[in-house]
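Coordinates in review
Given next are the chains, with one letter for each unit.
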Amino acid sequence: SLDQFFPPAAPAPVYLFEMFALAGPFEGIMVDLQEGDIPGVQANFEAFKAQYEKMSGMVPEWTDHFPMEPVEALGQALANGDPAQVGPAMGGVGGVCGSCHMLDMVKAQQKYH
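These lines cover the structure that appears in this document, whether it is placed above or below.

Calculation notes
Residues numbered from 1 in each chain as written. Predicted model: local features only at pLDDT ≥ 70, side-chain atom pairs only at ≥ 80, totals over all residues. Heavy atoms only, no water. Helix = DSSP H or I, 4+ residues; strand = E, 2+ residues; numbered from the N terminus. Buried < 20%, exposed > 50% of the residue type's maximum accessible area, 1.4 Å probe, protein only. Areas by Shrake-Rupley, 256 points an atom, 1.4 Å probe, with all protein chains shown as cover. Lys, Arg positive; Asp, Glu negative; His and termini not counted. Charge placed at Lys NZ, Arg CZ, Asp CG, Glu CD. Phe/Tyr/Trp six-rings, centres within 6.5 Å; stacked < 30°, edge-to-face > 60°. Patch = residues over 30% accessible without salt bridge, like charges linked within 9 Å, V, L, I, M, F, W, Y side chains within 5 Å. Salt bridge = Lys/Arg side-chain N within 4 Å of Asp/Glu carboxyl O. Core = buried A, V, L, I, M, F, W, Y, C linked by side-chain atoms within 4.5 Å. Contact = heavy atoms within 4.5 Å. 1 Å grid on protein atoms, 1.4 Å probe; cavity = no way out; pocket = protein on both sides within 12 Å on 5 of 7 lines; lining within 4 Å. Points joined across faces, edges and corners; volume = space filled by probe spheres on them. Nonpolar A, V, L, I, M, F, W, Y, C, P; charged D, E, K, R; others polar. Expected span 1.5 Å × (residues − 1). Arc of directions from axis to C-beta.

As for the overall build of the chain
When helices and strands are tallied, the chain shows four helices and zero strands. Listing the helices and strands of the chain from first to last along the sequence gives α-α-α-α. Out of the 113 residues in the chain, the part that is buried amounts to 37%. A total accessible area of about 6,400 Å² is found for the chain, and carbon and sulfur atoms account for 63% of it. Distance between charge centroids for the chain: 11 Å, based on 4 positive and 14 negative side chains.

Concerning the packing of aromatic side chains
Applying the stated criterion to the full structure yields six aromatic pairs. Taking the centre distance of 6.2 Å and the plane angle of 45° together, the rings of F5 and Y15 count as tilted. Of the two residues, F5 sits in the segment before α1 (14-35) while Y15 sits in helix α1, which places them 10 residues apart along the sequence. Side by side, F5 and Y15 carry an identical accessibility label, which is buried. Taking the centre distance of 5.8 Å and the plane angle of 70° together, the rings of Y15 and W62 count as edge-to-face. Linking Y15 in helix α1 with W62 in the loop between α2 (38-56) and α3 (69-80), this pair joins segments that are 47 residues apart in sequence. For the pair Y15 and W62, one class covers both residues: buried. Taken together, the aromatic side chains of F26, F48, Y52 and F66 make up a single cluster linked through ring pairs.

Digging into a nonpolar patch on the surface
A cluster of nonpolar side chains, contributed by M30, L33 and I38, occupies part of the molecular surface with about 240 Å² of accessible area. Of note, M30 is situated in helix α1. Residue classification places M30 among the partly exposed residues on the basis of a relative accessible area of 32%.

A few points about the nonpolar core
L2, Y15 and L74 are the most contacted members of the largest nonpolar core, which has 27 residues in total. Only α1, α2, α3 and α4 (83-112) provide two or more residues apiece to this core. It is α4 that contributes the most residues to this core, seven residues altogether. Ignoring sequence-local partners within four residues, the contact set of L74 consists of F26, I29, F45, V86, A89, M90 and V93.

A word on the layout of surface pockets
In this structure, the largest pocket encloses a volume near 500 Å³. Surrounding the largest pocket, 25 residues form its lining, Y15, L16, M19, H101 and M105 being those nearest its centre. Secondary structure elements with two or more residues in the lining of the largest pocket: α1, α2 and α4. Here the lining of the largest pocket is composed, by residue class, of 18 nonpolar, five polar and two charged.

Considering α3
Over its 12 residues, α3 extends 16 Å from the first C-alpha to the last, a length consistent with the 16 Å expected when each residue adds 1.5 Å. Turning to α3, its buried residues number three or more, namely P70, V71, L74, G75, A77 and L78. Viewed end-on, α3 has its buried residues packed into an arc of 165°, placing them on one side of the element. Of the residues in α3, the exposed ones pointing more than 90 degrees away from the buried face are E69 and A79. Taken together, the buried residues of α3 touch α1, α2 and α4.

Structure follows, in structure tokens:
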């Protein structure tokens, strides 16, 4: 199913662009936290969550690679504003990303790049 999101089936590497759209707000959460921009933190979290949900349905074989629990835990930690909770929650989401990348990213790069 990933073929539909890369050339020649797609006009561009659509899935890769969607992954960049996921990474940006995730990184933005930490940047905004460091700058004390709490509205920015929330905006980036909402953008990240929406993109994560979108991507969870793009490749049916990978739906289980996108559990919502770590994302919800991050949202709760950010809402609580407790830095002791935010770090581990970010790590939980990062672990989800890393586990999928470890399983599938090299294979996708070899096939589509």
